[in-house]
Amino acid sequence: MAEKNNQVAVSRRALLRGAAGLGMASIAGQAFAQSAVDDLINARSRGNWDDQFDAQTSRASAQVLSTTPILSPNNLPYVQQAVASYQQIVAAGGWPMVQPGAAPLRLGVVDPAVQVLRQRLMISGDLAREAGMSNSFDTYVDGAVKRFQARHGLPTDGQLGEYTLKAINVPADVRLNQLNTNVVRLQSMSGDLGQRYVMVNVPAMYIEAVENDRVALRTNAVVGRIDRPTHVINSKIYEVILNPYWTAPRSIVEKDIVPLMRKDPTYLKRNNIRLFDGRGQEVAPETVDWNAPKAPNLMFRQDPGKINAMASTKINFHNPNNEYLHDTPQQGLFNKLMRFESSGCMRVQNVRDLTTWLLKDTAGWPRQEIERVISTRQNNVIKLAQEVPVYIVYITAWSTRDGVVQFRDDIYKRDGDQQLALQSNIGVEPVQGSIEDDNLPR
């Protein structure tokens, strides 16, 4: 009998190992997770761990994704349902505050703070009540934390780091007010937006290309910093410029480029910036007195190319703010959590995908031709056969499916509560100058 029980235990452990392998495969790159699972499997004091392992929960964050556009009129019932749900949560007393544990709260940790975390996640619907209450940060909690992180635009690493802990401790009544504020914003956009359109959601820092009420493309963006916000506007995209020139505004010439030339006379040449007089004649930098009291009355124009401030592409839409969508040679910016770093213009990750989508109905511009022209480094202005609507919006709370409510930081402090802007001042430095300061080649 003892031998039979031992065989069952071994079999169960082997099965558990297999499940762990499958679960961890979905979160590649998080080496600590597999290590934590192995430690728990082999630990003598693992307690009820065998009953608290679910290989599917590590995929919970994927359930937050949706091909339904933020501005779809079909979302309004979901948002209104979210308001009703949060009203009930507030009426019942909200959720508890989660305090940091003795050790960082992550998979494998056993800490009394985890029990409070479980309660918090159950109330917001991120953790099933069937997961039970314990001090163990098991895979149920791991999946719930990842789901919460995905709903709040945070890296889905399953750990309660600084950003996640701050977001998780925003009171329920504050979230309810945020939802109510955004219901009004969403209702104002509930008309006919067009069969094809582009939406830039500034707080979410991403762009949706929408066709027939489905997201055809979703990509990250870098948007305006707090003191140089991207403007909310409804407009139309009318042209794409491949290999654009960049012309420095007068303010940048005076405040930045002239001082740089005084320090380093090779600055213009290194950055492929050429000078032109009022007749369009090129002027050699060596003939300019860079120590004169006033900056030269010349046009400073950067040639197309890899180091161009707008890289391969500029996308123009009608607006009075001299803002536009564009590529960037600084692709590493898209890996940052907080991408509020421009002076109003919007940098687009995977801009060639968006360009291909925009030029879909413009004859002669398949992806292959776009790539060919970019490779020539020759400036090329393409007028769209049909202008595409673009909606630059400020939506910090929304829902695109039943029970999945998304929240983002109130970066520009427009939602009426300081607690919603918790992360907005992290890594952001005040910058003075023109709307195009972020494009200054360095």
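Residues numbered from 1 in each chain as written. Predicted model: local features only at pLDDT ≥ 70, side-chain atom pairs only at ≥ 80, totals over all residues. Heavy atoms only, no water.

Novice: How do you make sense of the overall build of the protein chain when you look at a structure like this?
Specialist: On a plain count of helices and strands, the protein chain comes out with eleven helices and 15 strands. Here the protein chain, with 442 residues, has 52% of them falling under the buried criterion. In the protein chain, 70% of the contacts between residues at least 6 apart in sequence involve partners at least 24 apart. When the accessible area of the protein chain is evaluated, it comes to approximately 20,500 Å², of which 49% is carbon and sulfur surface. (Helix = DSSP H or I, 4+ residues; strand = E, 2+ residues; numbered from the N terminus. Buried < 20%, exposed > 50% of the residue type's maximum accessible area, 1.4 Å probe, protein only. Contact = heavy atoms within 4.5 Å. Areas by Shrake-Rupley, 256 points an atom, 1.4 Å probe, with all protein chains shown as cover.)

Novice: Hey, could you run me through the nonpolar core in this one?
Specialist: Counting 37 residues, the largest nonpolar core has Val198, Ile237, Leu325, Leu354 and Leu358 as its most contacted members. When sequence neighbours within four positions are dropped, the list of residues in contact with leucine 358 reads Arg196, Val198, Ile237, Val240, Ile315, Leu384 and Val388. Listed in part, the 28 residues of the second largest apolar core include Val83, Ile89, Ala172 and Tyr206. (Core = buried A, V, L, I, M, F, W, Y, C linked by side-chain atoms within 4.5 Å.)

Novice: Can you help me understand the side chain of threonine 396 in this one?
Specialist: Within the secondary structure layout, threonine 396 lies in the loop between β13 (380-393) and β14 (397-401). For threonine 396, a relative accessible area of 0% translates into the label buried. At a separation of 3.2 Å, a polar atom in the side chain of threonine 396 contacts the side chain of glutamine 178. If we ignore the near neighbours within four places in the chain, the residues touching threonine 396 are Gln178, Asn182, Arg185, Pro203, Gln406, Phe407, Arg408, Asp409, Asp410 and Asp415. (Polar contact = N/O pair within 3.5 Å; in protein donor to acceptor, adjacent residues only side chain to side chain.)

Novice: It is not clear to me how the pairing of strand β6 (residues 273-276) should be interpreted in this structure. Could you clarify?
Specialist: The side chains of a regular strand alternate, residue by residue, between the two faces of the sheet. Pairing of β6 with strand β8 (residues 299-302), which is carried by four bridges, proceeds in the antiparallel orientation. Of the residues in β8, the one forming a bridge with leucine 275 is phenylalanine 300. The sheet contact formed by β6 and strand β7 (residues 282-283) spans two bridges and is antiparallel. When the sheet's bridge partners are listed, leucine 275 is paired in β7 with valine 283. In textbook terms, the turn of a hairpin is the stretch between consecutive antiparallel strands, and for β6 and β7 this stretch comprises five residues, one of which, glycine 280, has a positive phi near 85 degrees. (Pairing = 2+ DSSP bridges.)

Novice: Whenever I open this one, the environment of leucine 193 confuses me. Can you help?
Specialist: Note on placement: leucine 193 falls in the loop between α7 (172-187) and β1 (196-201). Put simply, leucine 193 and valine 210 are 17 residues apart on the chain and 9.8 Å apart in space, counted from C-alpha to C-alpha. What leucine 193 contacts, discounting residues up to four positions off in sequence, is Leu71, Pro389 and Tyr391.

Novice: Whenever I open this one, the packing of aromatic side chains confuses me. Can you help?
Specialist: The description of an aromatic ring pair rests on the distance of the ring centres and on the angle between the ring planes. Counted under the stated rule, the structure contains five aromatic pairs. Measuring from ring centre to ring centre gives 6.0 Å for tyrosine 86 and tryptophan 95, while their planes differ by 90 degrees; the resulting arrangement is edge-to-face. Note on tyrosine 86: relative accessible area 4%, which makes it buried. Measuring from ring centre to ring centre gives 5.8 Å for tyrosine 86 and phenylalanine 407, while their planes differ by 70 degrees; the resulting arrangement is edge-to-face. With a gap of 321 residues between them, tyrosine 86 in helix α3 (residues 76-91) and phenylalanine 407 in strand β15 (residues 404-407) connect regions that are remote in the sequence. With respect to burial, tyrosine 86 and phenylalanine 407 carry one shared label: buried. Positioned over the ring face of tyrosine 394 is arginine 414, at 4.9 Å from the centre of the ring. (Phe/Tyr/Trp six-rings, centres within 6.5 Å; stacked < 30°, edge-to-face > 60°. Lys NZ or Arg CZ within 6 Å of the ring centre and 35° of its normal.)

Novice: Got a minute to help me understand the sheet that holds β8 in this structure?
Specialist: Hydrogen bonds along the backbone pair up the strands of a sheet, which may run parallel or antiparallel. Sheet architecture is open: four strands sit in the order β5-β8-β6-β7, paired in antiparallel fashion. Either end of the sheet is taken by a strand with one partner, and the two such strands are β5 (246-247) and β7. With two bridges joining them, β5 and β8 adopt antiparallel strand pairing. Residue pairing across strands places threonine 247 opposite arginine 301, the latter belonging to β8.

Novice: Got a minute to help me understand the pattern of salt bridges in this structure?
Specialist: Using the criterion set out here, one finds 21 salt bridges in the structure. Between arginine 250 and glutamate 254 there is a salt bridge; the shortest N-O distance is 3.2 Å. Of this pair, arginine 250 and glutamate 254 both sit in helix α8 (residues 250-263), separated by four residues, roughly a single helical turn. Here glutamate 254 falls in the partly exposed class, since its relative accessible area comes to 43%. For aspartate 353, the salt bridge goes to arginine 367, with nearest N and O atoms at 2.7 Å. One end of the pair, aspartate 353, is in helix α10 (residues 351-358); the other, arginine 367, is in helix α11 (residues 367-376), and 14 residues separate them in sequence. Overall, aspartate 353 belongs to the partly exposed group, its relative accessible area being 31%. In this structure arginine 367 comes out as partly exposed when scored by relative accessible area, which is 34%. (Salt bridge = Lys/Arg side-chain N within 4 Å of Asp/Glu carboxyl O.)

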